[in-house]
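Structural overview for review
Each chain is listed here by its residues.
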Amino acid sequence: MAKNIQSLERAAAMLRLLAGGERRLGLSDIASSLGLAKGTAHGILRTLQAEGFVEQEATSGRYQLGAELLRLGNSYLDVHELRARALVWTDDLARSSGESVHLGVLHLQGVLIVHHVFRPDDSRQVLEVGAMQPLHSTALGKVLSAYDPVAHSEVVEVEREAFTPRTTTELTDFESLLDLTRARGWAADVEETWDGVASVAAPIHDRRRMPVGAVAVTGAVERLCPNGELRPELVAAVRDCARAVSRDLGARRF
Amino acid sequence: MTDAHTSGPFIAAIDQGTTSSRCIVFDKDGRIVSVDQKEHEQIFPKPGWVEHDAAEIWTNVQEVVAGALSKGGIAASDVKAIGITNQRETTLLWDKNTGEPVHNALVWQDTRTDALCKELGRNVGQDRFRRETGLPLASYFAGPKIRWMLDNVEGLRERAEAGDILFGTMDSWVIWNLTGGADGGVHVTDVTNASRTMLMNLHTLAWDEKIAESMGVPLNVLPEIRSSAEVYGHVKDGVLAGVPVASALGDQQAALFGQTCFAEGEAKSTYGTGTFMLMNTGDKIINSYSGLLTTVGYQIGEEKPVYALEGSIAVTGSLVQWMRDQMGLIKSAAEIETLASSVEDNGGAYFVPAFSGLFAPYWRSDARGVIAGLTRYVTKAHIARAVLEATAWQTREITDAMTKDSGVELTALKVDGGMTSNNLLMQTLSDFLDAPVVRPMVAETTCLGAAYAAGLAVGFWPDTDALRANWRRAAEWTPRMDADRRDSEYKSWLKAVERTMGWIEDEE
């Protein structure tokens with residue numbers, strides 16, 4: 001058998017050492033368990049870290065397996081897993097905002113609604129799970145287009161229909177909307193899809209900062225924008241919710 | 001989330017559960033303000049035996065109460081009352097002078113009293129005490145567990161007869177310790193927990209002296225039976241010193257209360273590892289002829305008690321776990337929905353998970369699980385669908401039994417528990433029951449129920465109407481299946497159920 005590449009063997013040994021549960025090890029532990037000089041071990045770890053296979057904890061400086069490894073083995077997040085993790089947070093968002101909450105993911109050329117929490121009044125409402133919404137006009141769609149390159153490539157190609165006079169259809173205008181979305185971390189839809197309806201959405205990321213979905217609050221424009229402006233506390237609540245779900249997704253990755 | 005809702009006053013609830021103890025703080029709207037949780041050790045001394053270290057549990061309870069308060073930045077003076085909910089039937093005896101348990105607690109799942117229960121049935125069988133207690137003689141319930149400890153811990157019976165020993169389910173243990181323990185702690189239980197001991201008469205809500213005597217349980221170890229919502233005493237030490245301890249409810253009854261099933265005919269079903277369904281039967285003690293249990297739903301202070309029928313399904317969420325861990329067909333529990341959604345129907349396959357026999361309404365311990373209706377057409381996706389359908393059909397069987405016993409048609413089913421995040425299951429449930437299925441906004445209905453009862457006791461909420469006003473619908477699934485298809489599939493399910501029976505031939 002031909003001689004194997006030594007540094008790759010050492011890298012593999014390091015990954016095995018770090019594998020299994022919540023294992024975090026310092027540089028000297030890793031070096032001594034593998035019988036390597038600290039400098040050699042550090043060089044390999046740094047390379048693994050640059051590739052995302054290893055992560056270094058900021059406070060303790062210890063190393064652990066990186067999210068890239070999980071992504072390789074399990075390349076997508078199951079939407080039902082996403083719903084299960086989001087359940088508590090989206091309930092709370094509906095309750096605190098008094099509006100309905102939707103969770104959406106990219107599907108084909110649109111947004112697939114994977115979870116829906118009713119507006120907390122006693123009115124009759126229909127569960128919208130499974131419905132599709134357009135990418136270019138809804139708050140959920142804009143957030144996905146701004147953060148997910150796959151969604152972006154879809155939205156530039158689809159016909160961007162003008163649902164209302166306020167829908168942005170021109171590509172350059174739409175791109176600057178996405179820039180704005182990325183800059184402030186959220187997107188809005190004020191009567192751009194349905195007359196009288198406004199919504200605010202924020203992105204949900206997994207631990208690797210991959211956008212996996214978006215969460216939105218939707219309601220009557222009179223309630224969401226009482227003075228023609230979106231209520232800032234609503235924006236804050238949606239972003240808090242998105243962050244909480246993102247945290248929940250990251251918390252159990254390894 | 002920090003906003004106007006998270007300012008006081010608050011109610012705290014302790015949920016002393018089978019695997020962990022939790023404390024949740026709620027605000028006036030019934031919203032969660034803060035949570036803390038700690039797991040405790042499951043002790044398995046022999047196959048079928050399950051024990052808990054009650055001292056560890058008490059330490060954990062103190063920690064999660066302190067933890068919930070500090071996490072939420074909550075001042076003890078803002079906590080107006082504390083409520084208790086608990087794993088039911090788990091049995092403890094302790095020394096009232098030292099506060100030390102005389103043995104580990106015998107957990108409800110512990111089957112060591114199987115033989116004793118058979119013996120207690122004498123020539124009558126497992127329904128010997130059913131008319132008085134609403135329960136069959138089964139190893140879950142506390143009475144026979146007390147007897148086992150008295151028989152098996154050396155010198156215990158003498159100490160009990162001398163008046164040095166106290167019995168309690170976990171509600172009693174937590175309340176006794178909160179209110180001072182050996183230094184003046186109150187020894188009480190509530191009607192719902194007492195109704196799971198097999199020692200309480202459902203009609204009088206008092207200990208049944210005759211049954212206690214037949215079981216060999218001295219009356220002086222038993223706690224005083226109180227309502228589910230009243231001030232039992234005040235916290236003596238710790239972060240919540242001085243706060244009234246104002247409710248106790250067994251976990252499933254607490255969920256019924258938290259779901260605000262206050263009217264006769266209202267029912268809730270909690271979907272976890274197993275599933276527990278309770279239906280409010282008002283002031284009627286309904287004797288079940290369909291294998292359901294009769295139990296106390298709750299009692300608020302001086303008001304009349306409210307009774308309930310209970311049906312449980314042994315294997316629901318655990319079937320999904322089995323598909324993941326034993327079969328390896330899915331990587332996470334949530335994936336069952338993805339797999340099941342990839343097909344339109346079950347492809348003719350039915351899965352009856354009678355892993356340890358059939359429970360309500362059949363009670364056949366000779367049954368074992370089957371997958372029926374297999375053809376070469378069936379894929380793993382069809383099996384995944386059959387797995388979800390099994391939970392829905394079993395719920396249908398329980399609701400049919402409840403309708404038969406009570407004469408009340410189910411108008412809607414309120415659901416909670418982890419499996420409610422499974423959209424396909426919830427839709428299937430609605431299709432099979434031919435009734436709307438409703439999920440409330442607060443998933444933590446067990447803790448919420450305990451908080452509600454405690455809040456009522458101290459006037460934090462004026463009445464059950466105020467609690468109903470807090471209830472919010474988060475989602476509702478309505479039936480979409482046509483009646484003919486439902487009927488023919490139900491028939492196939494029942495046929496599959498028949499195939500499970502009689503598998504075990506020599507039952508010892």
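Because the structure is predicted, anything quoted here is derived from the model rather than measured.

**Describing the interface of chain B and chain A**
With 27 residues of chain B at the interface, the matching set in chain A holds 25 residues. For the chain B and chain A pair, buried surface summed over both sides reaches about 2,300 Å², with 50% attributable to carbon and sulfur atoms. Applying the counting rule to chain B against chain A returns four salt bridges. The shortest N-O distance in the salt bridge between Arg83 of chain A and Glu337 of chain B comes to 2.8 Å. Summed over the shared surface of chain B and chain A, the number is 12 residue pairs in polar contact (both at pLDDT 80 or more). For the side of chain B that touches chain A, the secondary structure elements donating two or more residues are α11 (335-341), β22 (437-440) and β23 (473-477) of chain B. The dominant element in the side of chain B that touches chain A, judged by the number of residues it contributes, is β23 of chain B, at five residues. Tallied by class, residues from the side of chain B that touches chain A come to nine nonpolar, eight polar and 10 charged.

**Things to note about the sheet that holds strand β8 (residues 211-220) of chain A**
Residues and elements named next belong to chain A. If you trace the six strands from one edge of the open sheet to the other, you get β5-β4-β3-β8-β7-β6, paired in antiparallel fashion. Each edge of the open sheet carries a strand with a single partner, namely β5 (132-134) and β6 (187-190). Strand-to-strand twist of the sheet, defined as the mean angle between neighbouring strand axes without regard to direction, takes the value 35°. One ladder, built from four bridges, connects β6 with strand β7 (residues 197-205); its direction is antiparallel. Residue pairing in the sheet places Ala188 in a bridge with Val200 of β7. Each of β3 (100-107), β4 (110-117), β5, β6, β7 and β8 touches helix α6 (residues 139-147); the most contacted strand, β7, lies at about 35° to it.

**As for empty space enclosed by the protein**
Residues and elements named next belong to chain B. Summed over all chains, the structure comprises three cavities of 30 Å³ or more. There is about 160 Å³ of room inside the largest cavity. Taken together, 18 residues form the lining of the largest cavity, with Ile313, Gly357, Leu358, Phe359 and Gln394 sitting closest to its centre.

**Section: unusual backbone geometry**
For the peptide bond that leads from Ala360 of chain B to Pro361 of chain B, omega is 0°, which places it in the cis range. Tracing the backbone through its elements, the reader meets Pro361 of chain B in the loop between β19 (350-352) and β20 (370-372). Of note, the phi angle at Leu108 of chain A is positive, near 50°, even though the residue is not glycine. Along the chain, Leu108 of chain A turns up in the loop between β3 and β4. A positive phi is found at Met198 of chain B, a non-glycine position, where the angle reads about 70°.

**Things to note about the confidence of the model for chain B**
All names here are of chain B. Looking at chain B, pLDDT values average 91 and 98% of them are 70 or higher. Low pLDDT, under 50, characterises residues 1-5; the predicted model gives this stretch 11 contacts beyond four residues in sequence or across chains. Across the interfaces of the predicted complex, the ipTM metric reaches 0.73, alongside a pTM of 0.80.

**Some thoughts on the side chain of Asn423 of chain B**
Mapped onto the elements of the fold, Asn423 of chain B is located in helix α13 (residues 423-433). The contacts of Asn423 of chain B, once residues within four sequence positions are left out, are Arg83, Leu127 and Val129 of chain A together with Glu337 and Trp477 of chain B.

**Some points on the environment of Arg368 of chain B**
Residues and elements named next belong to chain B. Examined against the element boundaries, Arg368 turns out to sit in the loop between β19 and β20. Residue classification places Arg368 among the partly exposed positions, given a relative accessible area of 28%. A C-alpha to C-alpha distance of 4.7 Å links Arg368 and Ala354, two positions 14 residues apart in sequence. Beyond its immediate chain neighbours, meaning those up to four positions away, Arg368 contacts Ala354, Phe355, Ser356, Gly357, Thr500, Trp503 and Ile504.

**Observations concerning the pairing of β22 of chain B**
Residue and element names in this part refer to chain B. The side-chain alternation of β22 yields two buried faces, one formed by Val437 and Arg439 and the other by Val438 and Pro440. Relative to β22, strand β21 (residues 413-416) is paired through two bridges, and the arrangement is parallel. Residue pairing across strands places Lys414 opposite Val438, the latter belonging to β22. Taken together, β21, α13 and β22 form a β-α-β motif whose crossover is right-handed. The sheet contact formed by β22 and β23 spans four bridges and is antiparallel. The residue bridging Val437 from the neighbouring strand is Trp477, located in β23.

**Quick notes on the nonpolar core**
The tendency in soluble globular proteins is for nonpolar side chains to be buried side by side. Residues and elements named next belong to chain B. The biggest cluster of nonpolar side chains holds 61 residues, and the ones touching the most others in it are Ile336, Leu413, Leu429 and Trp493. With residues up to four places along the chain from it excluded, the contact list for Trp493 reads Tyr350, Phe351, Val352, Pro353, Ala390, Trp393, Gln394 and Glu397. Leu199, Val217, Leu222 and Ile225 belong to the second-largest nonpolar core, a separate cluster that totals 39 residues.

**Here we look at the pattern of salt bridges**
All names here are of chain B. Taken as a whole and judged by the stated rule, the model has 38 salt bridges over all chains. Note that Glu310 and Arg196 form a salt bridge whose closest N and O atoms lie 3.1 Å from each other. Note that Glu310 is positioned in strand β18 (residues 306-313) and Arg196 in the loop between α7 (191-194) and β10 (200-201), a separation of 114 residues in sequence. A relative accessible area of 3% places Glu310 in the buried class. For Arg196, a relative accessible area of 2% translates into the label buried. Among the charged side chains, a salt-bridge network with shared partners connects Arg88, Glu89, Arg196, Asp251 and Glu310.

**Brief notes about the packing of aromatic side chains**
Residues and elements named next belong to chain B. Taken as a whole and judged by the stated rule, the model has 16 aromatic pairs over all chains. Ring geometry for Trp173 and Trp176: centres 6.4 Å apart, planes at 15°, overall stacked. In this pair, Trp173 and Trp176 are both assigned in helix α6 (residues 170-178), three residues apart and thus about one turn of the helix distant. Here Trp173 matches Trp176 in class, with each residue buried. Note on Trp322 and Phe351: the rings are 5.8 Å apart at their centroids and 80° apart in plane angle, and the pair reads as edge-to-face.

**Description of the environment of Ala254 of chain B**
Residue and element names in this part refer to chain B. Tracing the backbone shows Ala254 in helix α9 (residues 251-258). We classify Ala254 as buried; its relative accessible area is 0%. When the C-alpha atoms of Ala254 and Leu278 are compared, they prove to be 11 Å apart, with 24 residues separating the residues in sequence. Not counting the four nearest positions on each side in its chain, Ala254 is found in contact with Thr85, Leu249, Thr445, Thr446, Gly449 and Ala450.

Analysis parameters
- Position labels on residues start from 1 in each chain and follow its written sequence.
- Chain letters and ligand numbers both follow the written order, the letters beginning at A and the numbers at 1.
- Given that this is a predicted model, residues contribute local features only at a pLDDT of at least 70 and side-chain atom pairs are listed and counted only at 80 or more, while totals for whole chains, interfaces and linings are drawn from all residues.
- Neither water nor hydrogens contribute to the side-chain values; these are computed over all heavy atoms in the structure.
- Any pair of residues with heavy atoms lying within 4.5 Å of one another is described as a contacting pair.
- Reported buried area values correspond to the accessible surface (1.4 Å probe) lost by two parts on association, with both partners' losses combined.
- Salt bridge, as applied in this entry: a Lys or Arg side-chain nitrogen positioned within 4 Å of an Asp or Glu carboxyl oxygen.
- Throughout this description, a polar contact denotes any pair of N or O atoms lying within 3.5 Å of each other; where both atoms belong to protein, one of them has to be capable of donating a hydrogen while the other can accept it, and for residues adjacent in sequence the pair is counted only when both atoms sit in side chains.
- Numbering of helices and strands runs from the N terminus, with a helix taken as a DSSP run of H or I at least four residues long and a strand as a DSSP run of E at least two residues long.
- For this classification, Asp, Glu, Lys and Arg are treated as charged, while Ala, Val, Leu, Ile, Met, Phe, Trp, Tyr, Cys and Pro are nonpolar and the rest, including Gly, are polar.
- Here a strand pair is declared whenever DSSP counts at least two bridges between the two strands.
- Under this scheme, a helix contributes an axis fitted over its contacting stretch, all axes are lines through C-alpha atoms, and angles between N-to-C directions fall in the 0 to 180 degree range.
- Cavity: a set of points on a 1 Å grid over the protein atoms alone where a 1.4 Å probe fits but cannot get out. Pocket: an open set with protein on both sides within 12 Å along at least five of seven lines, its lining residues, like those of a cavity, having an atom within 4 Å of a point.
- Grid points are joined across faces, edges and corners, and a volume is the space filled by probe spheres set on the points.
- pLDDT gives the predictor's per-residue confidence on a scale running from 0 to 100.
- Note on classification: 1.4 Å probe, protein chains only; a residue is buried when its accessible area is under 20% of the maximum for its type, exposed when over 50%, partly exposed between these limits.
- A crossover counts as right-handed when, viewed with the strands pointing away from the observer, the path leading from the first strand over the helix to the second turns clockwise.
- Nonpolar core, defined: a set of buried Ala, Val, Leu, Ile, Met, Phe, Trp, Tyr and Cys residues in which side-chain atoms within 4.5 Å join the residues together.
- Ring pairs are drawn from Phe, Tyr and Trp, using the six-membered ring of Trp, whenever the two centres fall within 6.5 Å, and their geometry is named by plane angle: stacked under 30 degrees, edge-to-face over 60, tilted for the rest.

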